[in-house]
Amino acid sequence: MSTHINPNLNRRRRQLTVDDLFNSLRQGDISALSQAITLIESTNREDTAFAKAILSKALPYSGNSFRLGITGVPGVGKSTFIEALGIHLIKDQRKVAVLAIDPSSSISRGSILGDKTRMEELVKSDRAFIRPSPAGTTLGGVARKTREAIILCEAAGYDFIVVETVGVGQSETAVHSMTDFFLLLKLAGAGDNLQGIKRGIMEMADMIVINKADGDNKRAAQQAVREFKNALHVMPAKTHGWTTLVTTASGLEQQGITEVLNCITDFKNHSYANDSFKRKRDHQEIYWLHQTIEDHLKSRFYNQPDIQQRLTSIEKQLLAKQITAFEAADLLLGL
């Protein structure tokens, strides 16, 4: 049976109307934004209906931010880097929302949700909003409702959205499909080298930053830059005509952050000039329509009582080598 993420949410929701919550959200009330995101993450039917109404009101006010996707293996320094980036943006009078996807336990479904404690300085600013969400079991470790959370953040006036992924599995693909600029963070001298990187991530990246380029790591970071630049020469050209840049940075010492932001500005100007920015956004909308259809179809299929009853029997036949996996699927699908 579906439950509320927050047991007190139902009581609060009854005290608020959709208009009340949305008006508070539009005025930049962080509590209202947090509550709205909690509603869209809930599986309770009443919460879902309330969330849909909020999203419907928010949609006309969305789409005006710049969406930055950041990925990198655990330990690469994503939180420190994002905090340094956010502090620079806030000084430039920008409003920054960070949607940080934390890895969930496959056993307990628990999640660390520690990004707020790791971004101690950024969380103090009234121009910043940090929302850690458990990845759960959805595509690539990306929180099920991240796209809707982006819409709500934009309606609340945040003009720079950062989506941080755990950097494992297919999470990079999912984040790439909902952001405008995809930044890959790498380390030098710690086994996180070129040889171990997937070609697909290299092709998706609009910028590669060798992080923690400070102290004794500076020389190794410069060597890593040369290696990645050489590797990018054999990659196919991007359809939007942008050349992936490689540089170094230190989130801890806040070095190289200005260069990263300048690169993002150059990319934005480039993609606006050749209309690739809008084309990518349009393509993403269509992609997520079909992805949502697939998710709903899969969920409805497995939630059918007769499928649930037959599945165990068919699985036993499969393991006994009485039927193939393809035949088993045909039986369940009624083909």
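Residues numbered from 1 in each chain as written. Predicted model: local features only at pLDDT ≥ 70, side-chain atom pairs only at ≥ 80, totals over all residues. Heavy atoms only, no water.

A.B. asks: Describe in detail the packing of helix 2 (residues 18-26) against helix 3 (residues 30-41), supporting the description with residues and values.
C.D. replies: In the contact formed by helix 2 and helix 3, the axes pass within 8 Å of each other and the chain directions differ by 125°. Compared by their axis directions, helix 2 and helix 3 come out oblique. Once helix 2 is placed against helix 3, the crossing between them reads as left-handed. Facing Leu21, Ser24 and Leu25 of helix 2, the residues of helix 3 in contact are Ala32, Leu33, Gln35, Ala36 and Leu39. Counted by class, the contact of helix 2 with helix 3 contains 6 nonpolar, 2 polar and no charged residues. (Axes fitted to C-alpha atoms, helices over the stretch in contact; angles between N-to-C directions. Helix = DSSP H or I, 4+ residues; strand = E, 2+ residues; numbered from the N terminus. Parallel < 35°, antiparallel > 145°, perpendicular 65-115°, else oblique. Left-handed = near helix turned anticlockwise from the far one by under 90°. Contact = heavy atoms within 4.5 Å. Nonpolar A, V, L, I, M, F, W, Y, C, P; charged D, E, K, R; others polar.)

A.B. asks: Give me the lowdown on the pattern of salt bridges, citing residues and values where you can.
C.D. replies: Using the criterion set out here, one finds 8 salt bridges in the structure. For Lys57, the salt bridge is made with Asp19, and the minimal N-O distance between the two is 2.9 Å. Here Lys57, found in helix 4 (residues 45-58), pairs with Asp19, found in helix 2; they are 38 residues apart in sequence, far enough to count as distant. Overall, Asp19 belongs to the partly exposed group, its relative accessible area being 40%. In this structure, Lys278 engages Asp282 in a salt bridge whose closest nitrogen and oxygen atoms are separated by 2.8 Å. With Lys278 and Asp282 both in helix 12 (residues 276-302) and 4 residues apart, this pair spans about one turn of that helix. On the basis of relative accessible area, Lys278 is assigned to the partly exposed category, the value being 48%. (Salt bridge = Lys/Arg side-chain N within 4 Å of Asp/Glu carboxyl O. Buried < 20%, exposed > 50% of the residue type's maximum accessible area, 1.4 Å probe, protein only.)

A.B. asks: Which residues make up the nonpolar core, and what values do they have?
C.D. replies: Counting 49 residues, the largest nonpolar core has Leu33, Leu152, Cys153 and Ile208 as the members making the most contacts within it. Val96, Phe160, Val162 and Leu185 belong to the second-largest nonpolar core, a separate cluster that totals 35 residues. (Core = buried A, V, L, I, M, F, W, Y, C linked by side-chain atoms within 4.5 Å.)

A.B. asks: Help me get a handle on the confidence of the model for the chain, residues and values and all.
C.D. replies: In this model, the chain carries an average pLDDT of 85, and 83% of its residues clear a pLDDT of 70 or more. Here helix 1 (residues 9-15) stands out as the least confident element of the chain, with mean pLDDT 53; helix 11 (residues 257-273) is the most confident, with 96. Every residue in residues 105-113 scores below 50 in pLDDT, and together they form 15 contacts with partners more than four places removed in sequence or on other chains. (pLDDT = per-residue confidence, 0-100.)

A.B. asks: I'd like a description of the pairing of strand 7 (residues 245-248), backed by residues and values.
C.D. replies: The alternating pattern of strand 7 places Val246 and Thr248 on a buried face and Leu245 and Thr247 on a face that is not buried. In terms of strand pairing, strand 6 (residues 207-210) meets strand 7 through 4 bridges, oriented parallel. The residue bridging Ile210 from the neighbouring strand is Thr248, located in strand 7. Regarding the hand of the β-α-β motif, the stretch spanning strand 6, helix 10 (residues 218-232) and strand 7 is right-handed. (Pairing = 2+ DSSP bridges. Right-handed = clockwise from strand over helix to strand, strands pointing away.)

A.B. asks: Residue-level account of unusual backbone geometry, with values.
C.D. replies: The phi angle at Gln254 is positive, at roughly 55°, despite the residue not being glycine. Take Gln254: it is sitting in the loop between strand 7 and helix 11. Despite not being glycine, Asp275 has its phi angle at roughly 65°, a positive value. Here Asp275 lies in the loop between helix 11 and helix 12. Since its relative accessible area comes to 40%, Asp275 is described here as partly exposed.

A.B. asks: Report on the packing of aromatic side chains, specifying residues and quantitative values.
C.D. replies: Taken as a whole, this structure holds 9 aromatic pairs when the rule is applied. When the ring of Tyr287 is compared with that of Trp288, the centres are 5.4 Å apart and the planes differ by 85°; the resulting orientation is edge-to-face. Of the residues examined, Tyr287 reaches a relative accessible area of 28% and is grouped as partly exposed. In textbook terms, an aromatic cluster arises when at least three aromatic residues are bridged by ring pairs, as seen for Phe66, Phe160, Tyr272 and Phe277. Sitting over the face of the ring of Tyr158, Lys95 holds its NZ or CZ atom 4.4 Å from the ring centroid. (Phe/Tyr/Trp six-rings, centres within 6.5 Å; stacked < 30°, edge-to-face > 60°. Lys NZ or Arg CZ within 6 Å of the ring centre and 35° of its normal.)

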